[in-house]
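Here are the chains, one letter per residue:
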Amino acid sequence: MSERKVLNKYFPPDFDPSLIPRRKVPKNSQQVVRLMAPFSMRCNTCGEYIYKGKKFNARKETVEGEDYFGIKIFRFYIKCTLCSAEITFKTDPKNTDYAAEHGASRNFEPWREEQAVEEEDRLAKLDEEENNPMKALENRTVDSKREMEILDALQDIRARNARIERAGQSDDLVARLELQTEEEDEEDEEKKRLDEEDEKLVQAVFSKVSVPPTASGSGEASNVVALKRKANVGDSEPALEKLLSESARTLIASKSSLAAKKRKTDGKLGIKIVKKKKKGV
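Residues numbered from 1 in each chain as written. Predicted model: local features only at pLDDT ≥ 70, side-chain atom pairs only at ≥ 80, totals over all residues. Heavy atoms only, no water.

A. Here's a closer look at the overall build of the protein chain. Within the protein chain, the regular secondary structure consists of three helices and eight strands. Starting at the N terminus and ending at the C terminus, the protein chain contains elements arranged as β-β-β-β-β-β-β-β-α-α-α. Sequence separation of at least 24 residues holds for 37% of the intrachain contacts in the protein chain that already meet a minimum separation of 6. When the accessible surface of the protein chain is split by element, carbon and sulfur atoms take 54% of a total near 25,400 Å². (Helix = DSSP H or I, 4+ residues; strand = E, 2+ residues; numbered from the N terminus. Contact = heavy atoms within 4.5 Å. Areas by Shrake-Rupley, 256 points an atom, 1.4 Å probe, with all protein chains shown as cover.)

B. Structural detail: the nonpolar core. If you look at the biggest cluster of nonpolar residues, it comprises 15 residues, and the most contacted ones within it are Leu35, Met41, Ile50, Phe56, Ile78, Ile87 and Phe89. Going through the elements one at a time, strand E2 (41–43), strand E4 (55–68), strand E5 (71–79) and strand E6 (86–92) are the ones with two or more residues in this core. With near-sequence residues (within four places) excluded, Phe89 lies in contact with Leu35, Pro38, Phe39, Phe74, Arg75, Phe76, Ile78, Tyr98, Ala99, Ala100 and Glu101. (Core = buried A, V, L, I, M, F, W, Y, C linked by side-chain atoms within 4.5 Å. Buried < 20%, exposed > 50% of the residue type's maximum accessible area, 1.4 Å probe, protein only.)

C. Quick peek at the packing of aromatic side chains. The full count for this structure, using the stated rule, is seven aromatic pairs. Pairing Tyr49 with Tyr51 gives two aromatic rings, centres 6.4 Å apart and planes at 20°, and the pair type is stacked. Here the aromatic cluster, defined as three or more aromatic residues joined through ring pairs, consists of Phe39, Phe76, Phe89 and Tyr98. It is Lys60 that lies over the ring of Phe74; its NZ or CZ is 4.9 Å from the centre. (Phe/Tyr/Trp six-rings, centres within 6.5 Å; stacked < 30°, edge-to-face > 60°. Lys NZ or Arg CZ within 6 Å of the ring centre and 35° of its normal.)

D. Highlighting the pairing of E5. Looking at chain direction, E4 and E5 are connected through six bridges and run antiparallel. Following the sheet pairing, Thr62 is matched in E5 by Phe74. In this antiparallel pair of consecutive strands, E4 and E5, the connection spans two residues, and Phe69 shows a positive phi of 55°. Bridge count between E5 and E6: five bridges; the pairing is antiparallel. The residue bridging Ile78 from the neighbouring strand is Ile87, located in E6. In this structure, the hairpin formed by E5 and E6 is closed by a connection of six residues, where Ser84 is found at a positive phi of approximately 60°. (Pairing = 2+ DSSP bridges.)

E. Region of the structure containing the pattern of salt bridges. Going through the model one piece at a time under the given rule, you end up with 10 salt bridges. A salt bridge links Glu66 to Lys90; the shortest N-O distance between them is 3.1 Å. Remark: Lys90 occurs in strand E6 and Glu66 occurs in strand E4; sequence separation between them is 24 residues. Relative accessible area serves as the criterion here: at 35%, Glu66 is assigned to the partly exposed category. Taking the relative accessible area as the measure of exposure, Lys90 reaches 18% and is therefore buried. Because the salt bridges share partners, they merge into one network encompassing Glu61, Arg75 and Glu101. (Salt bridge = Lys/Arg side-chain N within 4 Å of Asp/Glu carboxyl O.)

F. Broad picture of the sheet that holds strand E3 (residues 49–50). An order of E3-E2-E8 is seen for the three strands of this open sheet, with the pairing classed as antiparallel. Two strands in the sheet have a free side with no partner beyond their single neighbour: E3 and strand E8 (104–106). The pairing of E2 with E8 spans three bridges and is classified as antiparallel. By the bridge assignment for E8, Met41 is matched with Arg106.

G. Here's a closer look at unusual backbone geometry. Despite not being glycine, Phe69 shows a phi value in the positive range, around 55°. In this model, Ser84 sits at a positive phi of 60°, which is unusual for a non-glycine residue. Here Ser84 is to be found in the loop between E5 and E6.

H. Quick peek at a negative patch on the surface. Taken together, the side chains of Glu178, Glu182, Glu183, Glu184, Asp185, Glu186, Glu187, Asp188 and Glu189 make up a negatively charged region of the molecular surface. With respect to the secondary-structure elements, Glu182 resides in helix H2 (residues 133–206). Among the residues examined, Glu182 registers a relative accessible area of 47% and is labelled partly exposed. (Patch = residues over 30% accessible without salt bridge, like charges linked within 9 Å, V, L, I, M, F, W, Y side chains within 5 Å. Lys, Arg positive; Asp, Glu negative; His and termini not counted. Charge placed at Lys NZ, Arg CZ, Asp CG, Glu CD.)

I. Representation of the pairing of E4. When strand E1 (residues 31–36) meets E4, the two strands line up antiparallel, connected through six bridges. Bridging across to E4, Val33 finds its partner in Ala58.

J. Region of interest: the confidence of the model for the protein chain. Mean pLDDT over the protein chain works out to 80, with 77% of the residues at or above the 70 mark. Throughout residues 215–222 the model reports pLDDT below 50, and contacts reaching past four residues in sequence, or to other chains, amount to five contacts. (pLDDT = per-residue confidence, 0-100.)

K. Highlighting the side chain of Ser40. For Ser40, the position within the fold is in the loop between E1 and E2. A polar contact of 3.3 Å, which involves the side chain of Ser40, links it to the backbone nitrogen of Lys52. Apart from residues lying up to four places away in sequence, Ser40 is in contact with Ile50, Tyr51, Lys52, Arg106 and Asn107. (Polar contact = N/O pair within 3.5 Å; in protein donor to acceptor, adjacent residues only side chain to side chain.)

Okay, structure coming up:
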């Protein structure tokens with residue numbers, strides 16, 4: 001069984017399209033199309049309002065004897081939604097719009113009237129300038145004066161915007177400087193706090209130093225406490241003996257004297273020869 005929706009049809013080898021009879025269609029036949037109302041309108045028969053975007057099944061035909069620079073103009077037939085009266089409108093290529101033709105009137109649109117008035121004024125001005133050179137000169141003078149006023153106003157606006165921008169930049173700069181100062185103060189406080197914590201930790205670990213017993217042989221250590229301090233960068237390194245207590249320096253001096261005596265006796269064999277006196281016969 002063949003598919004319901006196919007793109008290609010089967011043509012037999014002996015198919016001849018010229019043998020197919022052509023359907024005779026009138027030259028200006030109407031076509032049924034589905035469209036939406038191109039503008040808001042009011043029915044002239046019953047007064048019903050038909051708004052833009054309302055969908056209709058319309059009949060379309062080509063307008064005979066009318067075109068715009070070779071562009072065809074089409075006419076559409078629709079029926080009123082209330083009284084079923086026939087309404088017609090056609091395309092307007094000149095204004096790229098639609099124009100109401102029969103059975104309905106287009107609702108008032110202020111912007112369309114303004115555009116029409118402006119166009120009429122422009123055309124009248126051009127006609128007047130063509131016939132009166134002095135009027136053309138006056139119009140050019142007025143236009144140049146208006147342009148100068150516009151440029152002056154634009155320059156004032158630019159100057160004001162630049163001044164506002166500079167003021168905003170100065171405020172931002174002050175805010176950034178204040179923020180930077182606050183960040184530096186916070187960093188200094190944090191650094192100071194860390195230094196204090198390190199100093200407390202050093203004092204807690206190295207504040208008390210045990211001192212060896214004195215040379216008196218009592219065997220009891222004195223309750224002398226030596227405090228260490230943090231050396232500065234520019235200070236010269238002190239001598240090692242100055243960092244010790246008085247008792248420790250005495251003990252080291254005594255040990256050094258004993259070591260010196262020992263070095264003096266190292267050169268001998270350590271055997272003492274004693275000569276005995278001869279007894280008389």
